[in-house]
Amino acid sequence: QVQLVESGGGLVQVGGSLRLSCAASGRTFSTYAVGWFRQVPGKEREFVAAISWIGGDTDYADSVKGRFTISRDNAKNTLYLQMNSLKPEDTAVYYCAACRTLDLVAITTPNRYDYWGQGTQVTVSS
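These figures come from a predicted structure and were not determined experimentally.

Calculation notes
Residues numbered from 1 in each chain as written. Predicted model: local features only at pLDDT ≥ 70, side-chain atom pairs only at ≥ 80, totals over all residues. Heavy atoms only, no water. Helix = DSSP H or I, 4+ residues; strand = E, 2+ residues; numbered from the N terminus. Rg over C-alpha atoms; globule rule 2.2 N^0.38 Å. Buried < 20%, exposed > 50% of the residue type's maximum accessible area, 1.4 Å probe, protein only. Contact = heavy atoms within 4.5 Å. Areas by Shrake-Rupley, 256 points an atom, 1.4 Å probe, with all protein chains shown as cover. Lys, Arg positive; Asp, Glu negative; His and termini not counted. Charge placed at Lys NZ, Arg CZ, Asp CG, Glu CD. Salt bridge = Lys/Arg side-chain N within 4 Å of Asp/Glu carboxyl O. Polar contact = N/O pair within 3.5 Å; in protein donor to acceptor, adjacent residues only side chain to side chain. Pairing = 2+ DSSP bridges. Axes fitted to C-alpha atoms, helices over the stretch in contact; angles between N-to-C directions.

**Q** Explain the overall build of the protein chain to me, using residue names and the numbers behind them.
**A** For the protein chain, the count of helices and strands is 0 helices and 11 strands. In terms of overall dimensions, the protein chain is globule-like: its C-alpha atoms have a radius of gyration of 14 Å, near the 14 Å expected for 126 residues. Overall, the C-alpha framework of the protein chain stretches about 40 × 30 × 25 Å when taken along its three principal axes. Split into buried and exposed, the 126 residues of the protein chain put 44% on the buried side. Expressed as a percentage of contacts within the protein chain between residues at least 6 apart in sequence, the contacts between residues at least 24 apart total 60%. Here the protein chain displays about 6,400 Å² of accessible surface, and carbon together with sulfur accounts for 46% of that area. Of note, the protein chain has its 12 positive side-chain charges centred 4 Å away from the centre of its 11 negative side-chain charges.

**Q** Account for the pattern of salt bridges, naming residues and giving values.
**A** The final tally for this structure, using the stated rule, is 3 salt bridges. With its nearest N and O atoms 3.0 Å apart, the salt bridge here joins Asp90 to Arg38. Separated by 52 residues along the polypeptide, Asp90 in the loop between strand S8 (78–83) and strand S9 (92–100) and Arg38 in strand S4 (residues 32–39) bring together distant segments of the chain. Note that Arg67 and Asp90 form a salt bridge whose closest N and O atoms lie 2.8 Å from each other.

**Q** Now, about the side chain of Thr120: what can you tell me, with residues and values included?
**A** Assignment of secondary structure puts Thr120 in strand S11 (residues 120–125). Here Thr120 falls in the buried class, since its relative accessible area comes to 10%. Here the side chain of Thr120 touches Gly9 through a polar contact of 3.2 Å, landing on its backbone nitrogen. Residues in contact with Thr120, not counting those within four places in the same chain, are Glu6, Ser7, Gly8, Gly9, Leu20, Ala92, Val93 and Tyr94.

**Q** If you had to explain the pairing of S11 to someone new, which residues and values would you point to?
**A** Of the two faces of S11, the one lined by Thr120, Val122 and Val124 is fully buried and the one lined by Gln121, Thr123 and Ser125 carries no buried residue. Bridge count between strand S2 (residues 10–13) and S11: 4 bridges; the pairing is parallel. Across the sheet, the residue bridging to Leu11 is Thr123, located in S11. In this sheet, S11 lies alongside S9 in antiparallel orientation, the contact comprising 3 bridges. Of the residues in S11, the one forming a bridge with Tyr94 is Thr120.

**Q** Could you give me a rundown of the environment of Asn74, with the residues and numbers involved?
**A** Inspection of the secondary structure puts Asn74 in the loop between strand S7 (68–73) and S8. Remark: the alpha-carbon pair of Asn74 and Arg112, spanning 38 residues in sequence, is separated by 22 Å.

**Q** I'd like a description of the sheet that holds strand S1 (residues 3–7), backed by residues and values.
**A** Strand order in the open sheet formed by 4 strands is S1-S3-S8-S7, with antiparallel pairing between adjacent strands. Looking at strand neighbours, the two that pair on one side only are S1 and S7, the edges of this open sheet. Across the sheet, the axes of successive neighbouring strands diverge by a mean angle of 15°, strand direction being ignored. With 5 bridges connecting them, S1 and strand S3 (residues 18–25) associate as antiparallel partners. Note that in S3 the partner of Gln3 across the bridge is Ser25.

This is the structure in structure tokens:
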């Protein structure tokens, strides 16, 4: 089983930047799809960004496209989310997730993912 640990969250002003990391232990990401999701209390978990580990295909939610960048470091078994031009509506708990798959495309559906991190809080202040 894969264990995921997020880090890098915190408080940032509107227009600022933040870089989230997701470190994996156990199995490698070589045959996994990985992604970032976020959740606000009282609302459903929503897709943010995803990447296929093998092919490198990426996908982004319309709300973050052009501002966020997802990437991975195969050697370090680590997933990243670079967040720029942050807005108050980006405030949420951010989770990384992984799912074993042979697909070469990114997976954006949360129900497809089997493993989840504990989450890291991102707060954008106006």
